[in-house]
2 protein chains.
Amino acid sequence: MMKHTKLLITKTLILSLTLFLTACASNKSTVDPMPSWNEGSSKQRIVEFVSSVTDTNSADFVPQGKRIATFDNDGTLWSEKPTYFQLMFILDRIKIMASEHPEWKTTQPFQAVLENDMAAVKAAGEHGLLEMAMATHSGMTTDEFEVIVKDWLATARHPATGEAYNAMVYQPMLELLDYLRANGFKVFIVSGGGMEFMRPWTEAVYGIPPDQVVGSSIETQYELRDGKPVLVRLPELHFIDDNVTKPVAINRFIGQRPILAGGNSDGDFEMLKWTTAGNGKRLGLIVHHTDAKREWAYDRESSEGRLVRGLDEADKNGWLLVDMANDWNVIYPYESRN
Amino acid sequence: MMKHTKLLITKTLILSLTLFLTACASNKSTVDPMPSWNEGSSKQRIVEFVSSVTDTNSADFVPQGKRIATFDNDGTLWSEKPTYFQLMFILDRIKIMASEHPEWKTTQPFQAVLENDMAAVKAAGEHGLLEMAMATHSGMTTDEFEVIVKDWLATARHPATGEAYNAMVYQPMLELLDYLRANGFKVFIVSGGGMEFMRPWTEAVYGIPPDQVVGSSIETQYELRDGKPVLVRLPELHFIDDNVTKPVAINRFIGQRPILAGGNSDGDFEMLKWTTAGNGKRLGLIVHHTDAKREWAYDRESSEGRLVRGLDEADKNGWLLVDMANDWNVIYPYESRN
C-alpha cells in the first residue's frame, strides 16, 4: 500500500508537472507578445529573427550571453518633437535658474530662452546649445542632478499632448524590449542623449537598468566635501555618442557587437552598419516616422531625427524600415486610457 | 470519483512541491557557499552583510536592482606578482613583434625587454610603460586584439607557478562572486587594467560578462575597410581607471553607487570610500596579501598593489581587511588538482 501510494504520488506529480509545463508552453505560443504591432512583414521579420537566433537546432542560433540588442532613445523609444526632450529640460532649467543669473537677461542664447524666442534659440546653433547644456547640466553633484531630472519629469508636461515626457514612449517598442528580454536578450540604450539625463527613469519606463544605458556625457570629478566624497559635474564635454562614435561607445561600454540594433536617424547609421556587418544572422531596424496624425511625420528635412542615408541605404543593407503609421496599432501606452 | 481524483492530484501536487521547495530551502542553509573561507570574523562579516541586505524584514534591506558590487582585478581577483600580468603580456608581445621592429634592438625601453634586463625596463618608468603599452595594444582592430589576448592566455605560463595566468585567480573570491550573484547582486570589475585585456576571458573565469568589466582604455576609431566597418585601436590613452577616477568610472559605466566594493591597493581607496560613504549598510573589503608561502606577502613597500592608506585607514572607515594567510584555506582553484 505504502509503495503503491508513493508510486501514485510520483506519477501524479509527473503528470501534473507535464500538464503544467505543456500549458505554459502552449500559452507562450498563443499569447501575442507584441499586440501593438499589426500583423505584417515587419512584425513577421522580427519574430522570425528572434525565433531563429534562439532555436538551438537552427544554424543561426546565438548563445544567450551574445544576444545583445542596442536601441537609440530619441525618436526610437520616445518622441523627439517639437524638439529633443532633453532640450525642453534645458529650456525649463534656464527659466528656473534665471533668478540666480541676472546676466542672462541680456546674454544670448539665454535671453532668447527667457523671451521664448525659439527662432533665436535655434539660431544660436551647436555652440549655443552646448553653452546652455553646460549651464544647466554642470556645477552640481551627480546625486543632485539625479534629483533635478526626477523632479522635472514629475512636473513638466509636453506642450502638445499635456503628458509627462516619459509617458510619450512607444508602446510597440516597449513590447519589443520585453519580447527580446523574454528570449534571453540583454537590451541596451545607445543614445546621443545624456546618460545621466536618461538613467534616473529608464529602469521604471523601459526595464533598462542604469548600467545598460550608454549615451553622451560630461566630465565629473571626485571631491571630498566635509570629509564625504562627491562627484561634481564639470562644464566640460567627455563624449558625444553619435554616428561614428556609437560603435566606439558600444565597444567601450558593452564590449560585444550587438546582433540587433534599432534607431531612427542617420545618427544611428554606423551603429546599424556595425551591428549588421557582424557574422551570423543580424537585424537592423529603423523606426520611420510616418504618422502625422498620432505622432509626427518627418525624415529627410527634419532637424531632429534627420533620416537620409538610412532611407537611401536601408534596402542595400537589408535593414527593416518600420512604418509607424501602418505597422503600429498603438503609439503611446496612455492611448488605452481613453 | 472524478472529483475525488482531481482533489487527490491537486493535494499530492501541492504536497510534493512543498516537500521539494522545503528540501531546496534547507539545502541552501546547510551547504556552505564559501568553503574556501575559514570560519572566522571575516567570513562572518561577509555573510552577515549579505544576509541583512537581502532580508526583506531587515532595516538594511536593499532591492535587487541596487545590489551592485564592484571588484578590482589585479591583486584582488587574480595575482599580480612578479608584476602585473598585463605587463607580462606586453613583454611577451614585444619579443614576438621584435622581428618587425629592428629599431627596438637599440631603442629603450624595448632593448631592455629584448635583453631581459628587468631593472632597465623598470627604470624606464611610467613613460616607458606607456610607450610599450601603446606599441603592443594599438594598431590593430578590436577583433584582432581579442584574438591576440586569447592566444597569449592559451599559451603563456607564469614564471613561478608554470600555470596559465588566468588560472591564478583566487578560489575564495570566485566563491564570493558566486555567493553574491546567488543573492541577487550584479557584480562588476573596476580595474586599473585594460578593459579589452580583461574582457576576452572574464566571463569564462569569473562569470562576469564583458559589459560588466570597467577598466582603463585607449581610443578607438570607426573605419570602413573594403566596405566593412572596423574599430581601430589608436596609440592614445582614453581613460586611466585608478584611485580618484574609479568612482568617476563607476558613475559613468554603472550609474549607481555600489553597496559592496573589494580591492587590495591604494588604487582602490577612493572606490571603497565612495562605496561605503553611501546611505544604508555598505561593505568595503581589502584583500591583504599576507601569505608568502602560498602566494606573495606585500603591502606598504610593493610597486604592485601598494597598500598604505588602506591599511592605516581601514579601521576608521570600517573596512574589512581580509587576511589571505588566515582567512583562506585555498588560494588557487588548481590546488585541488594536487
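Bear in mind that the values here come from a model prediction, so they are computed numbers and not experimental data.

Conventions adopted
Counting of residues starts from 1 at the beginning of each chain's written sequence and follows it residue by residue. Written order determines the labels here, with chains lettered from A and ligands numbered from 1. Totals for whole chains, interfaces and linings use all residues, but because this is a predicted model, local features are given only for residues with pLDDT of at least 70 and pairs of side-chain atoms are given and counted only at 80 or more. Just so you know, side-chain values use all the structure's heavy atoms and leave hydrogens and water out. Note on contacts: a residue pair qualifies if any of its non-hydrogen atoms lie within 4.5 Å across the two residues. When two parts are brought into contact, each loses some accessible area as probed by a 1.4 Å sphere; the total of that loss over both is the buried area. Within this document, salt bridges are pairs made up of a side-chain nitrogen of Lys or Arg and a carboxyl oxygen of Asp or Glu, the two lying within 4 Å of each other. Here a polar contact is taken to be a pair of N or O atoms separated by no more than 3.5 Å, where protein atoms must pair a possible hydrogen donor with a possible acceptor and residues adjacent in sequence count only if both atoms sit in side chains. In this text, helices come from DSSP runs of H or I with a minimum length of four residues, and strands from runs of E with a minimum of two, each type numbered from the N-terminal end. Note on residue categories: nonpolar means Ala, Val, Leu, Ile, Met, Phe, Trp, Tyr, Cys or Pro, charged means Asp, Glu, Lys or Arg, and polar means any other residue, Gly included. The copies were overlaid by least squares, fitting only the C-alpha atoms of residues that reach a pLDDT of 70 or more in each copy. Aromatic rings from Phe, Tyr and Trp, with only the six-membered ring used for Trp, were paired whenever their centres fell within 6.5 Å, and each pair was classed as stacked if the ring planes differed by under 30 degrees, edge-to-face if by over 60, and tilted otherwise. With a 1.4 Å probe rolled over the protein chains alone, any residue whose accessible area is under 20% of its type maximum counts as buried; one over 50% counts as exposed, and the rest are partly exposed. Across the chain, each position has a pLDDT score giving the predictor's confidence in that residue, from 0 to 100. Axis definition: a line fitted to C-alpha atoms, over the contacting stretch in the case of helices. Angles run 0 to 180 degrees between N-to-C directions. What sets the label is the angle itself: under 35 degrees gives roughly parallel, over 145 gives roughly antiparallel, 65 to 115 gives roughly perpendicular, and the rest give oblique. Crossings are assigned a handedness: left-handed for a near helix turned anticlockwise from the far helix by less than a right angle, right-handed for a clockwise turn. Paired strands, as defined in this entry, are two strands with at least two bridges between them according to DSSP. When the strands point away from the viewer and the connection leading from the first strand across the helix to the second strand turns clockwise, the crossover is called right-handed.

**Let's talk about the interface of chain A and chain B**
Listed as interface residues are 42 residues of chain A and, on the opposing side, 42 residues of chain B. Taking both partners together, chain A and chain B bury about 3600 Å²; carbon and sulfur atoms supply 59% of that area. The three residues of chain A that bury the most area against chain B are Asp211(A), Tyr222(A) and Arg252(A), which together make up 19% of that side's buried surface. Scanning the region where chain A abuts chain B turns up six salt bridges. One salt bridge connects Arg257(B) with Asp143(A), and the closest N-O pair in it is separated by 3.3 Å. Linking chain A with chain B are 18 residue pairs in polar contact (both at pLDDT 80 or more), by the criterion used here. At the level of elements, helix H1 (2-30), helix H7 (142-155), strand E2 (186-194), helix H9 (195-206), strand E3 (213-225), strand E4 (228-239), helix H10 (245-253) and helix H11 (269-276) of chain A are the ones that each hand at least two residues to the side of chain A that touches chain B. Ranked by residue count, the leading element in the side of chain A that touches chain B is E3(A), at six residues. Taken together, the residues of the side of chain A that touches chain B break down into 19 nonpolar, 12 polar and 11 charged.

**A few points about the relation of the copies chain A and chain B**
You can overlay chain A on chain B at an RMSD of 0.0 Å; the transform is a turn of 180° with a shift of 0.0 Å along its axis. When the rotation and shift are considered jointly, the pair of chain copies conforms to a two-fold rotation axis. Most of the interface of chain A is mirrored in chain B, where 100% of its interface residues are also at the interface.

**Here's the deal with the packing of aromatic side chains**
Aromatic ring pairs are reported here in terms of the distance separating the ring centres and the angle at which the planes meet. One pass over the structure, following the stated rule, counts 33 aromatic pairs over all chains. Measuring from ring centre to ring centre gives 6.2 Å for Tyr170(A) and Tyr332(A), while their planes differ by 25°; the resulting arrangement is stacked. Of this pair, Tyr170(A) sits in the loop between H7 and helix H8 (171-182) while Tyr332(A) sits in the segment after helix H13 (324-327), and the two are 162 residues apart along the sequence. Classification of Tyr332(A) by relative accessible area gives buried; the value is 3%. Relative to Trp328(B), the ring of Tyr170(B) lies with its centre 5.5 Å away and its plane at 45°, an arrangement referred to as tilted. Taken together, the positions of Tyr170(B) in the loop between helix H7 (142-155) and helix H8 (171-182) and Trp328(B) in the segment after helix H13 (324-327) put the pair 158 residues apart, joining distant regions of the chain.

**Looking at the pattern of salt bridges**
Two side chains of opposite charge can pair, provided their charged atoms sit close to one another. Residues and elements named next belong to chain A. Counted according to the given criterion, the structure contains 38 salt bridges over all chains. With a closest N to O distance of 2.7 Å, Asp-268 and Lys-246 form a salt bridge. With a gap of 22 residues between them, Asp-268 in the loop between strand E5 (260-263) and H11 and Lys-246 in helix H10 connect regions that are remote in the sequence. Taking the relative accessible area as the measure of exposure, Asp-268 reaches 2% and is therefore buried. Shared partners join several salt bridges into a network, and the residues in it are Glu-270, Arg-309, Glu-313 and Lys-316.

**With respect to the confidence of the model for chain A**
Residues and elements named next belong to chain A. Residues of chain A with pLDDT of at least 70 account for 91%, and the chain-wide mean is 93. Here residues 21-27 scores under 50 on pLDDT; set against residues more than four positions off or in separate chains, the count is zero contacts. Predicted complex metrics record ipTM = 0.91 and pTM = 0.91.

**Description of the environment of Asp266(A)**
All names here are of chain A. Within the element layout of this structure, Asp-266 appears in the loop between E5 and H11. Put simply, Asp-266 and Arg-306 are 40 residues apart on the chain and 6.2 Å apart in space, counted from C-alpha to C-alpha. A polar contact of 3.0 Å, which involves the side chain of Asp-266, links it to the backbone nitrogen of Arg-309. A polar atom in the side chain of Asp-266 sits 2.9 Å from the backbone nitrogen of Gly-310.

**Section: the packing of helix H3 (residues 85-97) of chain B against H7(B)**
How two helices sit against one another is set out by the angle between their axes and by the gap between those axes. All names here are of chain B. Put simply, H3 and H7 touch, their axes get as near as 11 Å, and they point 100° apart. Taken as axis vectors, H3 and H7 run roughly perpendicular relative to one another. Residue-level inspection shows Phe-85, Met-88, Phe-89, Asp-92 and Arg-93 of H3 in contact with H7, the latter providing Phe-145, Ile-148, Val-149 and Trp-152. Residue classes in the contact of H3 with H7 are distributed as seven nonpolar, no polar and two charged.

**As for the packing of helix H2 (residues 41-54) of chain B against H8(B)**
Residue and element names in this part refer to chain B. Running from N to C, H2 and H8 cross one another at 15°; their axes reach a closest spacing of 11 Å. Our classification of the angle between H2 and H8 gives roughly parallel. Seen from above, H2 lies across H8 with right-handed handedness. Facing H2, whose interface residues are Ile-46, Val-47, Val-50 and Ser-51, H8 presents Leu-176, Tyr-179 and Leu-180. Of the residues that constitute the contact of H2 with H8, the class distribution is six nonpolar, one polar and no charged.

**A few points about the sheet that holds strand E6 (residues 283-288) of chain B**
Residue and element names in this part refer to chain B. Taken in spatial order, the seven strands of this open sheet run E4-E3-E2-E1-E5-E6-E7, and their pairing is mixed. At either end of the open sheet lies a strand with only one pairing partner, and these are strand E4 (228-239) and strand E7 (320-323). Each adjacent strand pair in this sheet contributes to an overall mean axis angle of 30°, direction not counted. Relative to strand E5 (residues 260-263), strand E1 (residues 68-71) runs parallel, the two being bridged by three bridges.

**Overview of the environment of Gly193(B)**
Residue and element names in this part refer to chain B. Along the polypeptide, Gly-193 turns up in strand E2 (residues 186-194). Considering only alpha carbons, one finds Gly-193 and Asn-73, 120 residues apart in sequence, at a separation of 7.6 Å. Those residues in contact with Gly-193 that sit more than four places away from it in its chain are Asp-74, Gln-86, Met-198, Gly-215 and Ser-216.

**Notes on the pairing of E7(B)**
Residues and elements named next belong to chain B. The side-chain alternation of E7 yields one buried face, formed by Leu-320 and Val-322, and one unburied face, formed by Leu-321 and Asp-323. Bridge count for E6 against E7 is four bridges, and the pairing is parallel. Counted as the bridge partner of Ile-286 is Leu-321 from E7. Traced from E6 through helix H12 (residues 309-317) to E7, the parallel crossover comes out right-handed.

**Observations concerning the side chain of His238(B)**
With respect to the helices and strands, His238(B) occurs in strand E4. There is a polar contact of 3.2 Å between the side chain of His238(B) and the side chain of Arg252(A). When sequence neighbours within four positions are dropped, the list of residues in contact with His238(B) reads His238(A), Arg252(A), Ser217(B), Ile218(B) and Glu219(B).

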